[in-house]
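A look at the structure
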Amino acid sequence: MKRKQCPKCNSGKVIHDARVIDRNGEYQDMSLSVRVERKPAALLFKGAKDFELKALVCGECGYAELHAADPDRLWQAYISSEGSDALKTKQ
């Protein structure tokens with residue numbers, strides 16, 4: 001996700017890997033993340049794994065896009081989950 005130019009305005013003022021903050025309550029800052037659950041149908045003990053999201057932000061027009069900080073680990077967690085369609089498409 002290392003672009004040299006903004007995909008919207010072609011500016012070179014691109015900020016890479018900006019931290020995206022989620023507010024949990026009044027005082028706690030947390031990084032925005034996506035979650036993959038190993039057993040999504042389970043009532044308890046779903047085997048949740050969270051993966052941080054980062055942002056690319058244009059310093060000219062303000063365009064922003066999100067990407068997973070560790071896409072390989074995210075993909076591995078997804079394909080090992082019971083709800084994954086990835087295993088079906090690989091066969």
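Residues numbered from 1 in each chain as written. Predicted model: local features only at pLDDT ≥ 70, side-chain atom pairs only at ≥ 80, totals over all residues. Heavy atoms only, no water.

Section: the overall build of the protein
- The helix and strand tally for the protein stands at two helices and six strands.
- Its helices and strands taken in sequence order, the protein reads β-β-β-β-β-β-α-α from the N to the C terminus.
- The buried share among the 91 residues of the protein stands at 22%.
- Here the contacts in the protein between residues at least 6 apart in sequence split such that 39% fall between residues at least 24 apart.
- Carbon and sulfur atoms form 51% of the exposed surface of the protein, whose accessible area is close to 6,800 Å². (Helix = DSSP H or I, 4+ residues; strand = E, 2+ residues; numbered from the N terminus. Buried < 20%, exposed > 50% of the residue type's maximum accessible area, 1.4 Å probe, protein only. Contact = heavy atoms within 4.5 Å. Areas by Shrake-Rupley, 256 points an atom, 1.4 Å probe, with all protein chains shown as cover.)

What to know about the nonpolar core
- Grouped together as the largest cluster of nonpolar side chains are six residues: Val36, Phe51, Leu53, Ala68, Leu74 and Ala77.
- When residues of this core are traced back to their parent elements, those giving at least two are strand S5 (48-58) and helix H1 (71-79).
- Not counting residues up to four positions away in its chain, the partners in contact with leucine 53 are Val20, Leu32, Ser33, Val34, Leu66, His67 and Ala68. (Core = buried A, V, L, I, M, F, W, Y, C linked by side-chain atoms within 4.5 Å.)

A few points about the environment of lysine 4
- Mapped onto the secondary structure, lysine 4 falls in the segment before strand S1 (14-19).
- Each C-alpha atom, one on lysine 4 and one on isoleucine 15, is 9.5 Å from the other, the two residues being 11 residues apart in sequence.
- Apart from residues no more than four positions distant in its own chain, lysine 4 is found in contact with Ser11, Gly12 and Val14.

Brief notes about the environment of valine 20
- Positionally, valine 20 belongs in the loop between S1 and strand S2 (21-24).
- Measuring from C-alpha to C-alpha, the distance between valine 20 and lysine 54 comes to 6.0 Å, with 34 residues separating the pair along the chain.

Let's talk about the state of the cysteines
- Counted under the stated rule, the structure contains zero disulfides.
- Cysteine cysteine 6 is unpaired, with the sulfur of cysteine 58 as its nearest cysteine sulfur at 3.7 Å.
- With no disulfide partner, cysteine 9 has as its closest neighbouring cysteine sulfur the one in cysteine 58, 3.7 Å distant.
- For cysteine 9, a relative accessible area of 34% puts it in the partly exposed group. (Disulfide = S-S within 2.5 Å.)

No statement about biological role is implied by the geometric values presented.
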